[in-house]
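Analysis of the macromolecular model
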Amino acid sequence: MIAHLQRATTTAALIPALYGLDEPGDRLRPRLIGADYRGADKQLPLFGDPQEVLGGGVLDAPALRIGSRAPARPVWMCSVRSDPRHPDLSDAQWADVARRLVSATGLAPAGDPDGCRWAAIRNGDRSVHVVATVVREDGYIHNTYRDPFHVQAECTRIAAELGHLTRTVTTAKDHRMPVITISAEPSGSVVAAGASDDLSATLLRHAGFKQIDDWHGRRHRLPTTTAPADRAAVATHATEMLRAARYTVDLDPKLDAEPLSTAGQQILNLTDELRGATDFAELAGVLDELLDPDDGMLVRLQEALEIASEQITELDPDQFALSDRFGFASDQLVTAQAELAGAVDEVQRAMSDTANRADDLRTRAALARSTTASAAANAPDLPAGWRTPVPAVAAVPAGRTR
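The structure reproduced in this document is the subject of the present report. This is a predicted model, so every value here is computed, not measured. (Residues numbered from 1 in each chain as written. Predicted model: local features only at pLDDT ≥ 70, side-chain atom pairs only at ≥ 80, totals over all residues. Heavy atoms only, no water.)

1. Here we look at the packing of helix α10 (residues 297–315) against helix α11 (residues 320–339)
α11 packs onto α10 with a crossing angle of 160° between their chain directions and a minimal axis gap of 8 Å. Compared by their axis directions, α10 and α11 come out roughly antiparallel. Both α10 and α11 take part in a crossing whose hand is left-handed. Facing Leu298, Val299, Leu301, Gln302, Leu305, Glu306, Ala308, Ser309, Ile312 and Thr313 of α10, the residues of α11 in contact are Leu322, Ser323, Phe326, Gly327, Ala329, Ser330, Leu333, Val334, Ala336 and Gln337. Considered class by class, the residues forming the contact of α10 with α11 number 12 nonpolar, seven polar and one charged. (Axes fitted to C-alpha atoms, helices over the stretch in contact; angles between N-to-C directions. Helix = DSSP H or I, 4+ residues; strand = E, 2+ residues; numbered from the N terminus. Parallel < 35°, antiparallel > 145°, perpendicular 65-115°, else oblique. Left-handed = near helix turned anticlockwise from the far one by under 90°. Contact = heavy atoms within 4.5 Å. Nonpolar A, V, L, I, M, F, W, Y, C, P; charged D, E, K, R; others polar.)

2. Let's talk about helix α7 (residues 228–244)
Taking 1.5 Å of rise per residue, 17 residues should cover 24 Å, and α7 covers 25 Å from first to last C-alpha, within 8% of that figure. Buried residues along α7 sit in contact with β6 (179–184), α6 (198–207) and β10 (248–251). Backbone geometry just after α7 places Arg246 at a positive phi near 70°. (Expected span 1.5 Å × (residues − 1).)

3. As for the sheet that holds strand β4 (residues 118–122)
Read from one edge to the other, the open sheet built from five strands follows the order β1-β3-β5-β4-β2, with strand pairing classed as antiparallel. Each having just a single partner strand, β1 (2–8) and β2 (31–36) make up the two edges of the open sheet. For this sheet the average axis-to-axis angle between neighbouring strands, irrespective of direction, equals 20°. Two elements, strand β3 (residues 75–81) and strand β5 (residues 127–133), share seven bridges in a ladder whose sense is antiparallel. If you follow Cys78 over to β5, its bridge partner there is Val130. Contacts from helix α4 (residues 91–105) reach β2, β3, β4 and β5, with the element oriented near 145° to β4. (Pairing = 2+ DSSP bridges.)

4. Comments concerning the nonpolar core
Within the largest apolar cluster, 30 residues are counted, with the highest numbers of intra-cluster contacts made by Met1, Trp76, Cys78, Val80, Trp94, Trp118 and Val151. For this core, the element with the highest residue contribution is α4, accounting for six residues. When residues no more than four places from it in sequence are discounted, the contact partners of Val151 are Ala3, Leu5, Trp76, Cys78, Leu101 and Thr105. One finds Ala192, Ala195, Leu222 and Leu242 within the second-largest nonpolar core, a separate group that totals 19 residues. (Core = buried A, V, L, I, M, F, W, Y, C linked by side-chain atoms within 4.5 Å. Buried < 20%, exposed > 50% of the residue type's maximum accessible area, 1.4 Å probe, protein only.)

5. Considerations on a negative patch on the surface
A surface patch of like charges, here negative, comprises Glu273, Asp288, Glu289, Asp345 and Glu346. Counting only elements with at least two residues in the negative patch, the list comes to α9 (280–291) and α12 (343–377). Within the secondary structure, Glu289 is located in helix α9. (Patch = residues over 30% accessible without salt bridge, like charges linked within 9 Å, V, L, I, M, F, W, Y side chains within 5 Å. Areas by Shrake-Rupley, 256 points an atom, 1.4 Å probe, with all protein chains shown as cover. Salt bridge = Lys/Arg side-chain N within 4 Å of Asp/Glu carboxyl O. Lys, Arg positive; Asp, Glu negative; His and termini not counted. Charge placed at Lys NZ, Arg CZ, Asp CG, Glu CD.)

None of the figures reported here should be taken as evidence of function without further support.
What follows is the structure, encoded as structure tokens:
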């Protein structure tokens, strides 16, 4: 099962999407399959046409009741789709899925009379839409920042109980491509090890390596006459050909004439900078590059996953399950950004707090020294009889030792 979360200003704003009004040629007939209206002041349907529930503001009432304290988008909708390779669920089963989701997220826990209002609506096969308000009956606002994790975890549990989870076991271990290592030995020679098949051996020989077969096994070495300046170029060229043939190549960094500047390498560089930070100022600078809300690596990765989800749907509308996987991953990164909002500022404040504590310790030490010196200078003269006598040191006659 794949779940997708979204927010809206009112439940009436969801009517075009649920009824298909945006596409006149494809009218939908949504039906209500379950609901919990909590403290509603009138009798409302639990089944049938959801028009009265969506357009009448029944679910919006708790948000209207608290006025300006309500969030800008108090309506919460979770769309869940099942695996098309398995039989569809009945309305009763989908209604149970909806109840479990609002309970798992904490919107409407079982046995809580003050939970949020919700309704489960179906407008197509293999899916259900759970519409709720994030404002509880007691006026408190449900915190949604963990909802994507709770929803997907509950969907996985439900799919497992229904027997919809399939596991793929890979047994083609013997067909994996060998790992080839190209390294520079302390003597200065360049050796390629691990090329045990004919294709990799041919590529290495084409790059300029000589093949050696002895009791150590097959290996390849650059001729000793290769100029030191050409060794890195030859090793890099051999690596490019092997990787193009889908071999995994471990190239010595000293032989990499053109280090790859991949996104993963950039993040690895940031990780090294974080590990090497000596104070909060350096740490905040690196984190700002990673978490910048406008141009940070985290927000760019989230945008890339969102675009991938949209592009999959654009290329093939039937690939909605694959598209939703990327969309859910994008939602998780949005949640991560919200969790880390203002974190760089907190790191900078930690730098100021550390400096202030150091200044405070120095000030206390200076005050302690000045107080001790002042007490010694202002000590009264004691009478001669009160002074502690200092014992005299006995003279030692010359020429004698003790």
